[in-house]
Structure formats: structure tokens, C-alpha cells
Amino acid sequence: MKRFAKAVIPHIILTVFSLAILMPLIWLLRVSLTDRLTAYKIPPEVGTLGLMNYYEIFERYAFVSWFLNSLLIALLATAISLPLATAMAYAFARFNTGGSLLRLGVLASQMLPPIIIVLPLFGVFLFAGMLQSHAALVVAHITIALPFLTWLLVSFFEGDVTRLEEAARVDGATRWQAFRLIAVPVAAPGILAAGLLGFILSWNEFLFALVLSGPSSQTLPVGLASLETHAGVEIAPLAAATVVSLLPVFALLPFLRKHLIKGLSLGALK
């Protein structure tokens, strides 16, 4: 019995926690496939399932534009932030650039309420004529992603990779070659994990997009918020739009799962 309990109880606990995590997604999927009346009923009813809400978000709303704007801005912000964060993290780990004070400043920037950052950015972009443009949102997302990614990546350039770089330097490699051929490949799982987290951070960002975007640059979070009307929340189309908005992350996870787990565990071990 003890052996049976040791084998079964962990699986029961994991199943319960997994259901707690998956339940909101299952509920969301159910609501997205039901009609408007059934979606509001408590206790919940399954009703007639269909794809009418998915058709509606493409026909009645500018969902394609929201989706493409979010995808473009998140990809550009991540593509620019990740190399810069990698270089900054390497400088912190290898040369202690700026000392502990600069590191603390980078971390402290993540503790600022976003409203404190977005108001000065609004004035700058208004003066530069960039307000309501894609470029403004990309720059704004870089300001929140760069400190986060830098702090996340510092640990990947510390520890054993330092000895590998020293061995390469002894063999005649330059500092740039040691960074490019040794440090970056060794830290690649962590860099990929950080890139995915940076993409998600930009994809889900709401406040900056709400204040800085316009009709042509509106992103998914702002677009989904517009489904709340004077007549109430369009809960069924909103659920369908939310399900579709999850697809990019679910599409990336199978390709990056191994590197994501390895990268996050490597950072934890360090």
C-alpha cells in the first residue's frame, strides 16, 4: 500500500494542479464555441457548439489588423531587445560594467509603474511626430523588455562559460571571438528562453498600446478591450478572439520547448 500510495499520490496532486491551470483555458474554449445567450448562463451549459464567434471576429471587427500589428511589434521589439540585452548582460557578467549601482538601476526600472514611463514617452513621440505609429510602440516595448531580458540573461554568462572563454583566449581567440564562438553558443538555450519571454511580454502589453497606438497601429490587447460596449461585454466573440491570440505562443512552444526548459533550468541552477 505504501508503494502504491507513493506512486499514485504524486500523480493525483499533479493532475489536480494541472486541471487548475487548464480550467480557465477549457472554460475559454467552451465559451468561444457557444452562442451569446449560453455563454452568459450560470451554471454553465454547453449548448450548441459552433464556429460562429470565430467568423464574427473576422467579419465584424478589425481582428486581422490587430493580430498583425501585435505580431509585427512583438517581433521587432524582441529582435532589437534581445541582442542589446545579450551584450549588456555579457558586459555586466564579465566586466561588471557600471558596478552594482547600474545593475540595481536596471532592476529598479522594472519596478516603476508603467504609467510613469508612458507619459514622458507620449510627449517625446508627440514632439517627434511618431505618435500612433508602429515605430513608437516598438520603441516603447523595448524600454520595458530590455531591462527585463538583461537581468534575466546575466546568470547565463557567469560560471563555467568563463573558463571556456579563458581557454579560448589562451588558444589565441580575441575577446569578440570568445564572445561570439563560445559565450553565445553556450548561453543559446537561455537566450532563446529569454527571447520567448520577451515576445510574450510585448505581445500582452496593454497600457503603452492603449496610450500610444492609433487606429492603424492598434494591437490585440487594445482591440480586445474594445469588445466591451455600452450594451455589455461581447463575451463569446471576446473568448474566440482570445483563443486565436494564444496561437502564436502555442505555435512557438513545440519548437522551443527543449531550449526553453533547458534555458530556464540553467538559469535556476546558476
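Above this note sits the structure.
Note that the structure is predicted; figures quoted are calculated from it, not measured. (Residues numbered from 1 in each chain as written. Predicted model: local features only at pLDDT ≥ 70, side-chain atom pairs only at ≥ 80, totals over all residues. Heavy atoms only, no water.)

Attention shifts here to the environment of P83. Secondary-structure assignment places P83 in helix α4 (residues 63-95). In this structure P83 comes out as partly exposed when scored by relative accessible area, which is 48%. Distance in space between the C-alpha atoms of P83 and L146 is 9.5 Å, their sequence separation being 63 residues. (Helix = DSSP H or I, 4+ residues; strand = E, 2+ residues; numbered from the N terminus. Buried < 20%, exposed > 50% of the residue type's maximum accessible area, 1.4 Å probe, protein only.)

Among the secondary structure elements, L192 is positioned in helix α10 (residues 188-204). Overall, the relative accessible area of 36% leaves L192 in the partly exposed class. Placed 84 residues apart in sequence, L192 and A108 show a C-alpha to C-alpha distance of 24 Å.

This paragraph deals with the side chain of T34. Mapped onto the secondary structure, T34 falls in the loop between α1 (2-32) and α2 (36-39). A relative accessible area of 0% means that T34 is categorised as buried. In contact with T34, other than residues within four places in its own chain, are A39, E45, V46, T48, L49, M52, N53 and A236. (Contact = heavy atoms within 4.5 Å.)

So, on to the packing of helix α5 (residues 99-109) against helix α7 (residues 134-153). At a closest axis distance of 8 Å, the pairing of α5 and α7 adopts a crossing angle of 125 degrees. Judged by the angle between their axes, α5 and α7 are oblique. With respect to the hand of their crossing, α5 and α7 are arranged in left-handed fashion. Of the residues in α7, those touching α5 at R103, V106, L107 and S109 are P147, T150 and W151. Residues of the contact of α5 with α7, tallied by class, amount to four nonpolar, two polar and one charged. (Axes fitted to C-alpha atoms, helices over the stretch in contact; angles between N-to-C directions. Parallel < 35°, antiparallel > 145°, perpendicular 65-115°, else oblique. Left-handed = near helix turned anticlockwise from the far one by under 90°. Nonpolar A, V, L, I, M, F, W, Y, C, P; charged D, E, K, R; others polar.)

Looking now at the packing of α4 against α7. Relative orientation of the contacting elements α4 and α7 amounts to 35 degrees, with a least axis distance of 7 Å. As for how α4 packs across α7, the hand of that crossing is right-handed. Looking at the contact of α4 with α7 residue by residue, the classes come out as 18 nonpolar, six polar and no charged.

A few words on the pattern of salt bridges. Under the criterion given, the structure shown has four salt bridges. Residue R60 is joined to E56 by a salt bridge in which the shortest nitrogen-to-oxygen separation is 2.5 Å. Looking at E56, the relative accessible area reads 11%, which means it is buried. A salt bridge links E158 to R103; its shortest N-O distance comes to 3.8 Å. Of this pair, E158 sits in the loop between α7 and α8 (160-170) while R103 sits in helix α5, and the two are 55 residues apart along the sequence. By relative accessible area, E158 is classed as partly exposed at 30%. Overlapping salt bridges bring together R94, E165 and R175 as one network. (Salt bridge = Lys/Arg side-chain N within 4 Å of Asp/Glu carboxyl O.)

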